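Letter by letter, the chains look like this.
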Amino acid sequence: MPEAEVFRTNVSKRRTAAALLRCLRTQFPTWRITFDLTDCDRVLRVESPDGPLDAPAVATILRARGFQCVPLPD
């Protein structure tokens, strides 16, 4: 069953978002991953079409690169 998670980040530049997307897509190639930098929460949305989504791994990847990444409540 597909899963989705939305995170609040502090990513503000498109170039940075693009680099993070490349990294995340390498780690999770079947997931749909997008940033919305126009949203006040600078949203990162990840969707796993084929099963469980590893939200802590996503947050760890961003935090390891110096960015905040906090799951938003449903």
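Residues numbered from 1 in each chain as written. Predicted model: local features only at pLDDT ≥ 70, side-chain atom pairs only at ≥ 80, totals over all residues. Heavy atoms only, no water.

A. A look at the pattern of salt bridges. In total, this model carries 3 salt bridges according to the counting rule given. Residue glutamate 47 pairs with arginine 32 through a salt bridge whose shortest N-O separation is 3.1 Å. Highlighted residues: glutamate 47 in strand E3 (residues 43-48) and arginine 32 in strand E2 (residues 32-36), separated in sequence by 15 residues. The exposure class assigned to glutamate 47 is partly exposed, which follows from its relative accessible area of 23%. Three or more residues are tied together by salt bridges with common partners; here these are Arg32, Arg45 and Glu47. (Salt bridge = Lys/Arg side-chain N within 4 Å of Asp/Glu carboxyl O. Helix = DSSP H or I, 4+ residues; strand = E, 2+ residues; numbered from the N terminus. Buried < 20%, exposed > 50% of the residue type's maximum accessible area, 1.4 Å probe, protein only.)

B. Structural view of the sheet that holds E2. Here we have 4 strands laid out as an open sheet, ordered E2-E3-E1-E4, and antiparallel in their pairing. Two strands close off the open sheet at either side, each with one partner strand: E2 and strand E4 (69-71). Taken over all neighbouring pairs, the strand axes of this sheet differ in orientation by 25° on average, direction set aside. Examined bridge by bridge, strand E1 (residues 3-9) and E3 share 5 bridges and lie antiparallel to one another. Bridging across to E3, phenylalanine 7 finds its partner in leucine 44. Against the sheet, helix H1 (residues 14-27) engages E2 and E3, with an angle of about 165° to E2. Docked against the sheet, helix H2 (residues 55-64) engages E1, E2, E3 and E4, running at close to 160° with respect to E4. (Pairing = 2+ DSSP bridges. Axes fitted to C-alpha atoms, helices over the stretch in contact; angles between N-to-C directions. Contact = heavy atoms within 4.5 Å.)

C. Just the side chain of glutamate 5, in detail. Within the secondary structure, glutamate 5 is located in strand E1. Although glutamate 5 is buried, it forms no salt bridge, and the closest oppositely charged side chain is arginine 45 at an N-O distance of 8.8 Å. With sequence-adjacent residues up to four places away left out, glutamate 5 is seen in contact with Leu44, Arg45, Val46, Leu53, Ala55, Pro71 and Leu72. (Lys, Arg positive; Asp, Glu negative; His and termini not counted.)

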